[in-house]
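# Structural features, examined
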Amino acid sequence: MDRSKVQEIIEQQVLTVAKAFEEKLDDEISALDRVDLDDIDALRERRLQQMKKMAEKRNRWISLGHGEYSEIQSEKDFFTVVKASERVVCHFYRENWPCKVIDKHMAILAKKHIETRFVKINAEKSPFLAEKLKIIVLPTLALIKNTKVDDYVVGFDELGGTDDFSTEELEERIARSQVIIFEGESSSLSLSKPHTRNVRQSQRSDSDSD
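Here we summarise the structure given alongside this text. (Residues numbered from 1 in each chain as written. Predicted model: local features only at pLDDT ≥ 70, side-chain atom pairs only at ≥ 80, totals over all residues. Heavy atoms only, no water.)

## Topic: the pattern of salt bridges
A complete count under the given rule lists nine salt bridges for this structure. The partner of Lys-120 in a salt bridge is Asp-103, and the shortest N-O contact between them spans 3.3 Å. Of this pair, Lys-120 sits in strand β3 (residues 117–122) while Asp-103 sits in helix α4 (residues 97–112), and the two are 17 residues apart along the sequence. Since its relative accessible area comes to 16%, Asp-103 is described here as buried. Arg-173 is the partner of Glu-158 in a salt bridge, and the nearest nitrogen-oxygen pair spans 2.7 Å. (Salt bridge = Lys/Arg side-chain N within 4 Å of Asp/Glu carboxyl O. Helix = DSSP H or I, 4+ residues; strand = E, 2+ residues; numbered from the N terminus. Buried < 20%, exposed > 50% of the residue type's maximum accessible area, 1.4 Å probe, protein only.)

Rendered as structure tokens:
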């Protein structure tokens, strides 16, 4: 095929693409022409109201301690936190290396997921809670939604069985209980809601020991 023929084909392809783009642009302009100014104002007002509500919600979350990973000092404070926030991830810990690993990831997730309150409490100093919630293995994360324990992350078994799991792996695991709003790319994890239990009446069975 000679060069003139090749050039002719390329020019034809360019014209075809340009024509399609022009038609699409014409359609968008026509659509805008059909939109009433009152409709545009209504859409703008609705968007502003949505932004205002989101800002108010964010400010409320921050006032409750969201966005930071903090320690609960007493069992009484635990119930105060759970009642105040719709979503809570509570790390039952003691002073050991595995719990410090969890601390590192929790501090990162607390800043990323401001919709959820991230806290920790010393399990050895909270015998009532540890007994009621059947906390045996440490670390244990209690995943709480609307004052009910939806799920637990116990030790590292679900995170590969080692302490070198990533923050993203823990994030995905917590997301399975819908206690955080997860926007990751993984589609392999089921987000079905597990059986819920009241914080005051929660029961679970564990064969593991500390």
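Having seen it, we continue.
## A word on the packing of α4 against helix α6 (residues 167–175)
The contact between α4 and α6 brings their axes to 10 Å, and the two run at 65 degrees. Judged by the sense of rotation from one axis to the other, the crossing of α4 with α6 is right-handed. Every residue of α6 that contacts α4 at His-105, Ile-108, Leu-109 and Lys-112 is listed here: Thr-167, Leu-170, Glu-171 and Ile-174. Classifying every residue of the contact of α4 with α6 gives four nonpolar, two polar and two charged. (Axes fitted to C-alpha atoms, helices over the stretch in contact; angles between N-to-C directions. Left-handed = near helix turned anticlockwise from the far one by under 90°. Contact = heavy atoms within 4.5 Å. Nonpolar A, V, L, I, M, F, W, Y, C, P; charged D, E, K, R; others polar.)

## Observations regarding unusual backbone geometry
Backbone torsion omega between Leu-138 and Pro-139 reads 5 degrees, so that peptide bond is classified as cis. Among the structural elements, Pro-139 can be located in the loop between α5 (127–132) and β4 (140–145). The phi dihedral of Asn-146 falls on the positive side, at around 55 degrees, and the residue is not glycine. Here Gln-178, not a glycine, exhibits a phi torsion of approximately 60 degrees, which is positive.

## Observations concerning α6
Three or four residues apart is the spacing at which side chains of an α-helix point the same way, because the helix has 3.6 residues per turn. Here α6 has its buried residues at Thr-167, Leu-170, Glu-171, Arg-173, Ile-174 and Ala-175. Buried residues along α6 sit in contact with β2 (87–93), α4, β4 and β5 (148–154).

## A short note on the side chain of Lys-145
When you line up the elements, Lys-145 lands in strand β4. Within the buried set, Lys-145 has no salt-bridge partner at all; the shortest N-O distance to an opposite charge, 5.2 Å, is to Glu-86. (Lys, Arg positive; Asp, Glu negative; His and termini not counted.)

## Let's talk about the packing of aromatic side chains
In the structure shown here, the tally under the stated rule is three aromatic pairs. Between Phe-78 and Phe-92, the ring centres sit 6.1 Å apart and the planes meet at 55 degrees, which makes this aromatic pair tilted. Placement of Phe-78 in helix α3 (residues 75–84) and of Phe-92 in strand β2 is noted, with a sequence separation of 14 residues between them. On the basis of relative accessibility, which here comes to 1%, the residue Phe-78 falls in the buried class. A residue is classified by how much of its surface remains accessible, and Phe-92, at 0% relative accessible area, is buried. Through pairs of rings, three or more aromatic residues link up here, namely Phe-78, Phe-79 and Phe-92. Directly above the ring of Tyr-93 sits Lys-120, whose terminal nitrogen or CZ lies 4.8 Å from the centroid. (Phe/Tyr/Trp six-rings, centres within 6.5 Å; stacked < 30°, edge-to-face > 60°. Lys NZ or Arg CZ within 6 Å of the ring centre and 35° of its normal.)

## Let's talk about a nonpolar patch on the surface
On the surface, a nonpolar cluster with roughly 300 Å² of combined accessible area is contributed by Phe-21, Leu-25 and Ile-29. Among the residues examined, Ile-29 registers a relative accessible area of 43% and is labelled partly exposed. (Patch = residues over 30% accessible without salt bridge, like charges linked within 9 Å, V, L, I, M, F, W, Y side chains within 5 Å. Areas by Shrake-Rupley, 256 points an atom, 1.4 Å probe, with all protein chains shown as cover.)

## Describing the pairing of β3
Most of β3 is tucked away: six of the six residues are buried. Sheet topology note: the strand β1 (residues 69–71)/β3 ladder contains three bridges and is parallel. Paired with Tyr-69 across the two strands is Phe-118, which belongs to β3. As paired strands, β2 and β3 are joined by six bridges and run parallel to one another. Looking at the pairing, Val-89 lines up with Phe-118 of β3. In this view, the connection linking β2 to its parallel neighbour β3 by way of α4 has right-handed handedness. (Pairing = 2+ DSSP bridges. Right-handed = clockwise from strand over helix to strand, strands pointing away.)

Geometric values such as these leave the question of function open.
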